[in-house]
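Coordinate analysis (summary)
Each chain is listed here by its residues.
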Amino acid sequence: MRIIDKTPFIEEDGSISFINRIQGTLKNGFRYVLMPNQEPKGRVAMYLNVQAGSLQETEEQRGLAHYLEHMLFEGSTHYPPGTLVEYFQSIGMEHGADTNAHTSYDETVYKLLLPNGTEKTLQDGLVVLADYAAGALLLEEEVDQERGVILAEKRTRDSAFMRVYKKSLEQEFAGTLVARRDMIGIEEVLNSADSALLRQYYESWYRPENMILVAVGDTDLGLLEKLITKQFKDMKAKRPVPPCPDFGRVAAGGTDAVYLFEADLGYTEVSLGSVRNVVPTPPTRAKALLDLQKYLAEVMMDNRLQRLVNRPESRMTRASFSNGIFLRRLGYTSISARTSPEHWRQTLETVTTALRQAREFGFTEQELARAKKELLARLKKEVQVADSRKSRTLVSQIIYSLNDNRVFMTPEQELALFAPALEKITAAEVNT
């Protein structure tokens, strides 16, 4: 299946132009999205998006998604141990943490920044990505050697900020896998992991239907599509589809409080938040316009908080409001503020009052007008600077949209969709 210049929920409105891109699916389920871009001229960003991460791990595999990411640079079909770095150097890329790949809860992404869009350079890059996809050697001696690197990274991540972050997730999303999954894993698994265990995860989740190759840059997309088809059309899954670990659910009701002390954190933060279970749904025009209303409420709440921070008598150094959906299945809303330790109670009262006022009395038409003006200015600015967007930025945005169940739009499309809607939104709708 091959699609050119399609963005399904936007094409209902004929006034919106389509994205100039190619997207398709091979018979084995492998997908690709290709888009032209001239910044930087002559360069191509090509990423392999594997839609699997730490949430796909079993209890006996905790940490293997990230461990495996490391191992794919330590020996593959076309690049024996120690030779891939030479390839990176030949195309002007560095090799290091988060430079060439990253692992998250539901994705592992491998990154290439090619110096040009010639057929040979594209082909060489596709060979590297194909090795990531299905050519890992996972030699036992390399697994043992990388173990020390992984454990050292785990120690480095043990900062005050990360400890608070992890404890917050455990408390906020109790009952779900998110509360029990840390990408770096647990030492029990990391110390005992071997080639067989890593290969079990690799062959279970690195399968063609779980992969999307995204390329953006200055090259012949028709040629690139042919090369992708040739390189990946014969790829096959090596194991049956494994069952996904149960994601779990947050409690449907109840109130909880948590106090976390970290002397090295450097600040005191208080927050009020709520979480909810969400059923993933396809992206639609109606959903996008509802999200626009939610975003306006977020902007207005942030504006109110900023005014409170700016008061001469304020005890807050910063405050913010956020609302969204995490991993497509967990809704969250949070209002938080930073202050000094001795003023935590006064700060908590301040944000509680701000929240109560918004809930009981809503926002005014004047506040809405300001929020609309700010958002419209932002949308127009994005259109003005659209041609200066880097290819690697666009690739990351496309992958984020794909993995977060969103439709990727150009700045022109966003302006065409949201500008008319902004004019019609009332304060009553946003307050609801």
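Look a little higher up for the structure.
What this report covers is the structure whose coordinates are included nearby.

**Focus on the environment of Arg-370**
Locating Arg-370 in the fold gives a position in helix α11 (residues 365-384). For the pair Arg-370 and Met-300, spaced 70 residues apart in sequence, the C-alpha to C-alpha distance is 8.2 Å. In contact with Arg-370, not counting residues within four places along its chain, are Asn-303 and Arg-307.

**Overview of empty space enclosed by the protein**
Per the stated rule, a full pass over the model turns up 1 cavity of 30 Å³ or more. Approximately 60 Å³ is the volume found for the largest cavity. Considering the residues around the largest cavity, the lining is formed by Ala-133, Ala-134, Tyr-202, Glu-203, Tyr-206, Met-235, Lys-236 and Lys-238. Those elements that provide at least two residues to the lining of the largest cavity are α3 (119-134) and α7 (195-205). Residue classes in the lining of the largest cavity are distributed as 5 nonpolar, no polar and 3 charged.

**Points about the side chain of Asn-210**
Assignment of secondary structure puts Asn-210 in the loop between α7 and β7 (211-217). The exposure class of Asn-210 is buried, given its relative accessible area of 13%.

**Section: the pairing of strand β4 (residues 44-50)**
Of all 7 residues making up β4, 7 are buried, and the element is well covered by its neighbours. Of the two faces of β4, the one holding Val-44, Met-46, Leu-48 and Val-50 and the one holding Ala-45, Tyr-47 and Asn-49 are both buried throughout. Where β4 lies against β7, 7 bridges are found, and the strand directions are antiparallel. If you follow Asn-49 over to β7, its bridge partner there is Ile-212.

What counts as what
- Residues numbered from 1 in each chain as written.
- Predicted model: local features only at pLDDT ≥ 70, side-chain atom pairs only at ≥ 80, totals over all residues.
- Heavy atoms only, no water.
- Helix = DSSP H or I, 4+ residues; strand = E, 2+ residues; numbered from the N terminus.
- Contact = heavy atoms within 4.5 Å.
- 1 Å grid on protein atoms, 1.4 Å probe; cavity = no way out; pocket = protein on both sides within 12 Å on 5 of 7 lines; lining within 4 Å.
- Points joined across faces, edges and corners; volume = space filled by probe spheres on them.
- Nonpolar A, V, L, I, M, F, W, Y, C, P; charged D, E, K, R; others polar.
- Buried < 20%, exposed > 50% of the residue type's maximum accessible area, 1.4 Å probe, protein only.
- Pairing = 2+ DSSP bridges.

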